[in-house]
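Listed below, chain by chain, are the residues.
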Protein chains: 2
Amino acid sequence: MARIKDVAALAGVNRSTVSRIINGEGKFRADTKRKVEQAMAELNYRPSAIARSLATASSNMVGLLVTYYTGGFFGEMMDQVQSELDCHHKFLITAQGHHSAEGEREAIQRFHDLRCDGYILHSRHLSDDDLRALAKEPIPFVLLDRWVEGLEERCITFDHTLAAKLAVNHLIEQGHRTIACISGPLTRQTSVQRYQGYLEALEDAGIEFDPSLVCEGNYGRESGVAAAQQLLAQRSDITALFSCSEEMMGGALQFFHQQQLQVPKQLSLTSFDSVDLCASFYPTVTAVHFPISDMARTAVAVLHGLLSHQAVETERHFLPKLITRNSVQPLTSY
Amino acid sequence: MARIKDVAALAGVNRSTVSRIINGEGKFRADTKRKVEQAMAELNYRPSAIARSLATASSNMVGLLVTYYTGGFFGEMMDQVQSELDCHHKFLITAQGHHSAEGEREAIQRFHDLRCDGYILHSRHLSDDDLRALAKEPIPFVLLDRWVEGLEERCITFDHTLAAKLAVNHLIEQGHRTIACISGPLTRQTSVQRYQGYLEALEDAGIEFDPSLVCEGNYGRESGVAAAQQLLAQRSDITALFSCSEEMMGGALQFFHQQQLQVPKQLSLTSFDSVDLCASFYPTVTAVHFPISDMARTAVAVLHGLLSHQAVETERHFLPKLITRNSVQPLTSY
DNA sequence: CTGAAAGCGCTAACAC
DNA sequence: GTGTTAGCGCTTTCAG
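Residues numbered from 1 in each chain as written. Chains lettered and ligands numbered in written order. Predicted model: local features only at pLDDT ≥ 70, side-chain atom pairs only at ≥ 80, totals over all residues. Heavy atoms only, no water.

By the naming in an unreviewed UniProt entry, chain A is LacI family transcriptional regulator, taken from Photobacterium jeanii.

Here it is in structure tokens:
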């Protein structure tokens, strides 16, 4: 593997000249430049990002922490982050948090060991205090889909409560009163927010809350079928259901099909959705879209601002949008 | 950020002693070790992977090239690769090929710039010759789900032809004769192999091939609905259908639902499947499982063997397995 | 506009 | 067992 000194030797110049030409710093005699470029081509020279990192104290790497790789959600996120990073000629390092604070800590440790310039954290298990402590360290980071007091500038957030409200309101507007809810794990901040939205929508409409109408899932498909089964067993009078994740909705829908339940004729459905899975169900399911792509892109922009010490003017808070499909029917038409 | 020399100074020893202790090389006085460890803890010291890479000429990074991040397939692959790599204390770098030879080349270039120790390539667009040329370079790599002559040792392969045959045979065994096929893009080696399996199954059973029974998709869900629509329009006598990807099967199934077509009563279905999407459909779809997880893990093992110059005894060729679900019915029962 | 020389943080002979 | 001394491949003052 050719090194800069080989190029310099072949071109008959000093290493620093080659370095400057590579980095486009200053002016050079056209002749010098030509010779150097020719030498680089001839030797098939590519500067070592590693050596460069050491010399510049900047690795050009960005760490992305996610909870898990499986499922479409993470891929979407990563896709956006990588594309944006490509524009800034930065490398992406990923690590999963393995569903524990310890795992997330280890992942960040790896980023640190690699001397990443900054991190994008989709952290679900580190506490607000952990994060605030991390913010005292010199490495900048942004938080994706998380709000931590005192770290507002680094938070890319989404209004989960409003989103859930939108989805549930849509059912209420269609005349539904007995609305079930499959929530996410209530140990997670965003799950609680979504659940909260469900509650608020009911309250706003003057519908009394009934705990037998809610079932806690774990965001996975299997938990969706289990929840649907349990809910229907508990309450045969349910006319509508709201799921806090698309996977759980998929599971629920599968169960309803098995039961020969007609959607939306006998049961109206709305859901959360981040990767448009709801568009692929039958029937297609009306859902609030969680704009993870936009948020991921914004995260990179904000981090880039932090890294280059420039203020970034982007909106950090995202609002939900309801996408109407074929899973909801007015109650009156029964 | 503390450096090794700070630790050495605080512990009152030489840098190389600290280095040796970190890397567990040789013996040290218990006392020295204690002092050093204490100093490291006190300074919150973490060795710089970058400096270490430069000094050892080994980055401990492995590059993973994939075609695209979206969808569950890649996540599954990455999950396995990362876990295995974790065991060997290696870092994972990923890049997507963006569906072009140029994109794949760029991705590999990035790995090279970062001085990755080795690559795992899920390459779909580089030619066999490109790959053979790459094999002449000093950086070792393995090919995931690809067979290239002359590179057998580095190829982790799957018998796509046999897999498709299994899926189609299953339909034939149930008495079906008019079997449609939604193929993948026939520009891809593995797509062709799957299609080939369909043809061979027909031939073995003495069923004449009819081009109006096949439609080429692009592996995406949308192309599945389009293909299903087209096939049904062309041939109303189809009794069974085989899809070369789970996403396309999902699309097709959605279309069949819209058409009120009963599966498997009026139409039997089999599919390829890598992330068990077929288990989440309604009805669940009988499918041949593409063991991407096992293959990904094997890829790491083989690459690790290459990196440590040890022969690896693992089976590099994977065989399909049919997973029977609820989408197939004997033809006689019509 | 280009060269000389020091240094980024670590490891690896080689001494002692 | 531990210290000394060179690098690894690049950038970056500082001269000229």
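Still more ground to cover, so stick around.
The subject of this paragraph is the protein's contact with DNA strand C. Of all residues adjacent to DNA strand C, which total 26 residues, the nearest are R20 and T32 of chain A together with I4, R15 and Y45 of chain B. Among the atoms of DNA strand C close to the protein, meaning within 4 Å, 67% are from sugar or phosphate groups. For DNA strand C, a base oxygen lies 3.5 Å from a polar atom in the backbone of L54 of chain A. At 2.3 Å, a backbone N or O of I4 of chain B approaches a phosphate oxygen of DNA strand C. Elements that contribute at least two residues to the surface near DNA strand C include exactly α2 (15-23) and α4 (49-56) of chain A together with α2 (15-23) and α4 (49-56) of chain B. Ranked by residue count, the leading element in the surface near DNA strand C is α2 of chain B, at 5 residues. Partitioned by chemical class, the residues of the surface near DNA strand C number 9 nonpolar, 9 polar and 8 charged. (Near = heavy atom within 4 Å. Polar contact = N/O pair within 3.5 Å; in protein donor to acceptor, adjacent residues only side chain to side chain. Helix = DSSP H or I, 4+ residues; strand = E, 2+ residues; numbered from the N terminus. Nonpolar A, V, L, I, M, F, W, Y, C, P; charged D, E, K, R; others polar.)

Further remarks concern empty space enclosed by the protein. One pass over the full model with this rule turns up 1 cavity of 30 Å³ or more. The calculated volume of the largest cavity comes to roughly 30 Å³. As for the largest cavity, its lining consists of Q82, F91 and L92 of chain A together with I93, T94, A95, R110 and F111 of chain B. Those elements that place two or more of their residues in the lining of the largest cavity are β2 (91-96) of chain A together with β2 (91-96) and α6 (101-113) of chain B. Here the lining of the largest cavity gets 3 residues from one element, more than from any other, and that element is β2 of chain B. Of the residues in the lining of the largest cavity, the class split is 5 nonpolar, 2 polar and 1 charged. (1 Å grid on protein atoms, 1.4 Å probe; cavity = no way out; pocket = protein on both sides within 12 Å on 5 of 7 lines; lining within 4 Å. Points joined across faces, edges and corners; volume = space filled by probe spheres on them.)

Turning next to the protein's contact with DNA strand D. Lining the immediate environment of DNA strand D, one finds 26 residues, of which I4 and R15 of chain A together with N14, R20 and T32 of chain B sit closest. Restricting the count to atoms of DNA strand D within 4 Å of the protein gives a sugar and phosphate share of 64%. A distance of 2.3 Å separates a phosphate oxygen of DNA strand D from a polar backbone atom of I4 of chain A. S16 of chain B places a polar side-chain atom, nitrogen or oxygen, 3.1 Å from a base oxygen of DNA strand D. At the level of elements, α2 and α4 of chain A together with α2 and α4 of chain B are the ones that each hand at least two residues to the surface near DNA strand D. Residue contributions to the surface near DNA strand D peak at 5 residues, all from α2 of chain A. Here the residues of the surface near DNA strand D sort into 9 nonpolar, 9 polar and 8 charged.

Further remarks concern the UniProt feature "domain: HTH lacI-type" (unreviewed entry) in chain A. In the UniProt entry, the feature "domain: HTH lacI-type" (unreviewed entry) is given for residues 2-56 of chain A. Along residues 2-56 of chain A the backbone is 71% helical and 0% strand, and the end-to-end C-alpha distance reaches 20 Å. (UniProt positions renumbered as here; feature names shortened; annotations may be inferred.)

Residues and elements named next belong to chain B. Taken in spatial order, the 6 strands line up as β7-β6-β8-β9-β10-β12 in an open sheet, and their pairing is mixed. The open sheet terminates on both sides in strands that have one partner only, identified here as β7 (214-216) and β12 (321-323). On average, each strand axis in the sheet is inclined to that of its neighbour by 15°, with strand direction left out of account. Of the pairings in the sheet, the one linking strand β10 (residues 286-289) to β12 comprises 3 bridges and is antiparallel in character. Across the sheet, H289 pairs through a bridge with K321, a residue of β12. (Pairing = 2+ DSSP bridges. Axes fitted to C-alpha atoms, helices over the stretch in contact; angles between N-to-C directions.)

Bringing the interface of chain A and chain B into the picture now. Contacts between the two partners involve 47 residues from chain A, matched on the other side by 46 residues from chain B. Taken over both partners, the interface formed by chain A and chain B buries close to 4,200 Å², and the fraction arising from carbon and sulfur atoms is 62%. Together, R46, I50 and Y282 of chain A form the three largest contributors to the area buried by chain A at its contact with chain B, with a combined 16%. Counting across the interface, chain A meets chain B through 4 salt bridges. Note that D113 of chain A is salt-bridged to R46 of chain B, the shortest N-O span being 2.7 Å. Our count for the contact surface shared by chain A and chain B stands at 20 residue pairs in polar contact (both at pLDDT 80 or more). When residues of the side of chain A that touches chain B are traced back to their parent elements, those giving at least two are α4, α5 (72-87), β2, α6 (101-113) and α11 (246-258) of chain A. When residues of the side of chain A that touches chain B are assigned to their parent elements, the largest contribution, 8 residues, is made by α5 of chain A. Partitioned by chemical class, the residues of the side of chain A that touches chain B number 20 nonpolar, 18 polar and 9 charged. (Contact = heavy atoms within 4.5 Å. Buried area = accessible area lost by both parts, 1.4 Å probe. Salt bridge = Lys/Arg side-chain N within 4 Å of Asp/Glu carboxyl O.)

Moving on: the relation of the copies chain A and chain B. These two copies of the chain differ by a rotation about an axis and a displacement along the same axis. The operation relating chain A to chain B is a screw motion whose rotation component is 180°, with 0.1 Å of axial translation and a residual RMSD of 0.0 Å. Put plainly, the chains are arranged around a two-fold axis. In terms of proximity to the rotation axis, the leading residue of chain A is G72 of chain A, whose C-alpha is 2.5 Å off the axis. Most of the interface of chain A is mirrored in chain B, where 98% of its interface residues are also at the interface. (Least-squares fit on C-alpha atoms with pLDDT ≥ 70 in both.)

What follows covers the pattern of salt bridges. Residues and elements named next belong to chain A. With the rule as written, the count across this model stands at 34 salt bridges over all chains. Linking R325 and D276 is a salt bridge whose minimum nitrogen-to-oxygen distance equals 3.9 Å. Residue R325 is located in the segment after β12 (321-323), and its partner D276 is located in the loop between β9 (268-273) and β10 (286-289); the two are separated by 49 residues in the primary sequence. Judged by relative accessible area, which is 17%, R325 ranks as buried. Two residues, R297 and D294, come together in a salt bridge whose shortest N-O distance is 3.3 Å. Residue R297 and its partner D294 are both found in helix α12 (residues 292-308); the two are separated by 3 residues, about one turn of the helix. For R297, a relative accessible area of 31% gives the class partly exposed. Here the salt bridges do not stand alone but share partners, grouping E102, R105 and D130 into one network. (Buried < 20%, exposed > 50% of the residue type's maximum accessible area, 1.4 Å probe, protein only.)

So, about the sheet that holds β9 of chain A. Residue and element names in this part refer to chain A. Strand order in the open sheet made by the 6 strands is β7-β6-β8-β9-β10-β12, with mixed pairing throughout. Edge positions in the sheet fall to β7 (214-216) and β12, since each has one partner strand and no second. Taken pair by pair, the neighbouring strands of this sheet meet at an average axis angle of 15°, ignoring direction. Bridge analysis of strand β6 (residues 179-183) against strand β8 (residues 240-243) gives 4 bridges, and the strand direction is parallel. Bridge pairing in β8 links I179 to A240. Along the sheet, helix α8 (residues 160-173) contacts β6, β8, β9, β10 and β12; its crossing angle with β9, the most-contacted strand, is approximately 165°. With respect to the sheet, helix α10 (residues 221-234) is in contact with β6, β7 and β8, its orientation differing from that of β6 by roughly 150°.

Take the pairing of strand β4 (residues 141-144) of chain B next. All names here are of chain B. What you see with β4 is no split at all: F141 and L143 on one side and V142 and L144 on the other are buried throughout. Relative to β4, strand β3 (residues 118-121) is paired through 3 bridges, and the arrangement is parallel. By the bridge assignment for β4, Y119 is matched with F141. Read from β3 through helix α7 (residues 128-136) to β4, the crossover connection turns out right-handed. (Right-handed = clockwise from strand over helix to strand, strands pointing away.)

Let's shift gears to the domain arrangement of chain A. Residues and elements named next belong to chain A. According to the domain assignment, chain A consists of domain 1 (4-56), domain 2 (61-158 + 292-319) and domain 3 (160-290 + 322-333). Centre-to-centre, using C-alpha coordinates, domain 2 lies 30 Å away from domain 3. Taken together, the contacts link 11 residues of domain 2 with 11 residues of domain 3. Where domain 2 abuts domain 3, roughly 1,000 Å² becomes buried across the two surfaces, and 59% of that area is made up of carbon and sulfur atoms. Applying the counting rule to domain 2 against domain 3 returns 0 salt bridges. (Domains from an automatic or database assignment.)

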